[in-house]
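Chain and residue survey
Each chain is listed here by its residues.
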Amino acid sequence: QLKELGTYLIDIHSQHQNLLMHQEDFLLDIVDTIAGNQSLREDYIHTFEEWKKAQDVLQELQGRAEKDQANQDYLKFQLQQFEEANLSEREQEDLEQEASTLNHAEDIKQALFTAYTPLASEELHLLEELKIGTQKLESISDVYPPAKELAERLNSTYIELEDLSAELEKAQMEIEFDPIRQNFVEERLNTIYSLEQKHKVSTIAELLQIYEDLQKRLSEIENIDETIKEKAKEAEQQFEALVKIGKALTNSRTAAAKTIAASLIKQLQTLGMPHVKLDFSLTPKSSFEKNGGDTISLLFSANKNRPMQDVAAIASGGEIARLMLSLKALIAKNKALPTIIFDEIDTGVSGTMAEKMAQTMQQIAKSCQVLCITHLPQIAALGADHYRVYKIEGADKTTSHISLLSQEERIKEVANMLTGSEMTEAAINNAKSLLRI
């Protein structure tokens, strides 16, 4: 488990990590780490994701095509209704105004006639009298200057009323009750209102947008087979690229796996497994996945004349611990890690094997800093420095503490690990022997 603190990489091995030995992702990470193919793996992941996207788009299109084919006739029917309606954007407002006018034609005509009558009355002679009055005022303007302005104002009134009379006459002539036109307008509005109600909108502008969307959807349906062919070709090209880079990743892993197996066998032999056999089994998956196209398992046998099996099924706790330590030693050597932390990697190990594991940790410590949490005196004794981790129970909380040990304290702690709470001279001497004091 690599953790990055800023740009400082630390490999942390927890006591539960031994359980990962049979997990595919863990084994692939180990092989890829040793192979140094991070760039190749990143290229593979990118290509895999692009292929998946292409596949998803293709499947979505195929599903939509299947669904839309069933809706095609209905879409055509809807479009036919729009085409028959032949809508224009301001038509509704104009028709509604015309309908209102036609429904009140008699009232409108009567009002226009009432307004026009005094202007056109032969009995009142209103316009004629205004014209005569204007002329009279103009005739006295030389002897009575204010008459000039009054004549101009009266003339303006005459012109306005004459124009108004003509407009009122025209409007009155145009307003006629036309039942045929009224029926057409009402039917046209009913067509518009029916479409608006059907599509849950309230304006022709919204209907025209729906019409445009329907045209687009029908065009997509009619051309979707061609689109599917294009997307299928894209997906095929992405798959070909994936196969190519997947093969390169497999080759890299296969070569690295042989190197790793040979190194692990050599290391495990120094850890008390003289007859160990070990191999990584890489086989093709039925389909590509994000971590590659390979299924991997670690085959293992610690004894003579015993066939290799999956490490999780055959290896003891102590064998797993030694195997994991060997892997960590290999990773530390290849990755040049500044720090590696072992949290009870010695589970299931004791005696001579514990000492051999400690010696392996010493070898790792030549190239990086090693921190080891252990309950075994054989391992603790080979550390360059020692810290004691302990807890203090308070009234309402428990606190953890760590302290650097002096030489005398180191002897005492190793002796405690050997004998427990009872401190004996023999334990002290044994501790000194382990610590080479």
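So, how was this worked out
- Note on numbering: residues in each chain are counted from 1, in written sequence order.
- In keeping with the predicted nature of the model, local features appear solely for residues at pLDDT of at least 70, side-chain atom pairs appear and are counted solely at 80 or more, and the whole-chain, interface and lining totals rest on all residues.
- Side-chain measures were taken over the full set of non-hydrogen atoms in the model, leaving aside hydrogen atoms and water.
- Only buried residues count toward a nonpolar core. Its members are Ala, Val, Leu, Ile, Met, Phe, Trp, Tyr and Cys residues joined through side-chain atoms within 4.5 Å.
- Accessible area is worked out with a 1.4 Å probe on protein chains only. A residue is then buried under 20% of its type maximum, exposed over 50%, and partly exposed in between.
- The secondary structure listing takes helices from DSSP runs of H or I that are at least 4 residues long and strands from runs of E that are at least 2 residues long, numbered from the N terminus.
- By definition in these notes, contact holds between two residues if any of their heavy atoms fall within 4.5 Å.
- Residues enter patches when they are more than 30% accessible in relative terms and free of salt bridges; like-charged ones are connected within 9 Å and nonpolar ones (Val, Leu, Ile, Met, Phe, Trp, Tyr) within 5 Å.
- Computed by Shrake-Rupley with a 1.4 Å probe, the accessible areas treat only the displayed protein chains as cover when residues are assessed.
- Within this document, salt bridges are pairs made up of a side-chain nitrogen of Lys or Arg and a carboxyl oxygen of Asp or Glu, the two lying within 4 Å of each other.
- When charges are counted, Lys and Arg are positive and Asp and Glu negative, with His and the chain ends excluded.
- Charge placement uses NZ in Lys and CZ in Arg. For Asp and Glu, CG and CD serve respectively.
- How far a helix is expected to stretch is found by multiplying one less than its residue total by 1.5 Å.
- For this analysis, a polar contact is any N or O atom pair within 3.5 Å, provided that within protein one partner can donate a hydrogen and the other can accept it, and provided that sequence-adjacent residues contribute only side-chain to side-chain pairs.
- Pairing between strands requires that DSSP locate at least two bridges from one strand to the other.
- Classification of ring pairs uses Phe, Tyr and Trp, with its six-membered ring standing for Trp, and accepts pairs whose centres are within 6.5 Å; under 30 degrees between planes counts as stacked, over 60 as edge-to-face, and the remaining range as tilted.

Turning our attention to the nonpolar core. Formed by 49 residues in total, the largest nonpolar core has its most connected members in M21, I260, L278, F280 and F300. Looking at this core, the elements that each hand over two or more residues are α1 (24-35), α8 (204-270), β3 (277-289), β4 (292-301), α9 (311-314), α10 (317-335), β6 (339-343) and α11 (351-365). The leading source of residues in this core is α10, at 10 residues. Beyond its immediate sequence surroundings of up to four residues, M21 is in contact with F26, L27, L298, V311, I320, L323, M324 and L327. Counting 19 residues, the second-largest nonpolar core is a separate cluster that includes L75, L95, Y211 and L214.

The grouping of E89, E93, D94 and E96 at the surface amounts to a negative patch. Within the fold, E93 resides in helix α3 (residues 91-103).

It is worth spelling out helix α7 (residues 179-198) at this point. In a regular helix each residue adds 1.5 Å, so 20 residues correspond to 28 Å; α7 covers 28 Å between its end C-alpha atoms and thus fits that length. Lining the buried residues of α7 we find α2 (38-85), α3 and α8. Residue D178 occupies the N-cap position of α7, its side-chain oxygen lying 3.2 Å from the main-chain nitrogen of I180. Positive phi appears at K200, one or two residues downstream of α7, with a value of about 60°.

Before going further, it helps to spend a moment on the pairing of strand β8 (residues 387-393). Side chains on a regular strand alternate between the two faces of the sheet. Burial analysis of β8 places just 0 of its 7 residues in the buried class, which makes it a mostly uncovered element. Counted between consecutive antiparallel strands, the loop separating β8 from strand β9 (residues 398-404) contains 4 residues.

Taking 1.5 Å per residue, 15 residues should reach 21 Å; α11 reaches 21 Å between its end C-alpha atoms and fits that length. Where the residues of α11 are buried, they touch α8, α10, β6, β7 (369-373) and α12 (377-380).

Considering all chains together, one arrives at 7 aromatic pairs under this definition. Relative to F48, the ring of Y44 has its centre 6.2 Å away and its plane inclined at 20°; by these criteria the two rings are stacked. With Y44 and F48 both in helix α2 and 4 residues apart, this pair spans about one turn of that helix. Side by side, Y44 and F48 carry an identical accessibility label, which is buried. Aromatic side chains F48 and W51 sit 6.0 Å apart centroid to centroid with 55° between the ring planes, which places their arrangement in the tilted category. Note that F48 and W51 are positioned in helix α2 at a spacing of 3 residues, about one turn of the helix. Classification of F48 as buried rests on a relative accessible area of 9%.

Quick look at the pattern of salt bridges now. In this structure the tally under the stated criterion is 13 salt bridges. Here K285 and E289 are joined by a salt bridge, their closest N and O atoms 3.0 Å apart.

Secondary-structure assignment places I175 in the loop between α6 (146-174) and α7. Sequence separation of I175 and A65 is 110 residues, and the distance between their C-alpha atoms is 56 Å. Contact partners of I175, with chain neighbours within four places excluded, come to T101, A105, I108, K109 and L112.

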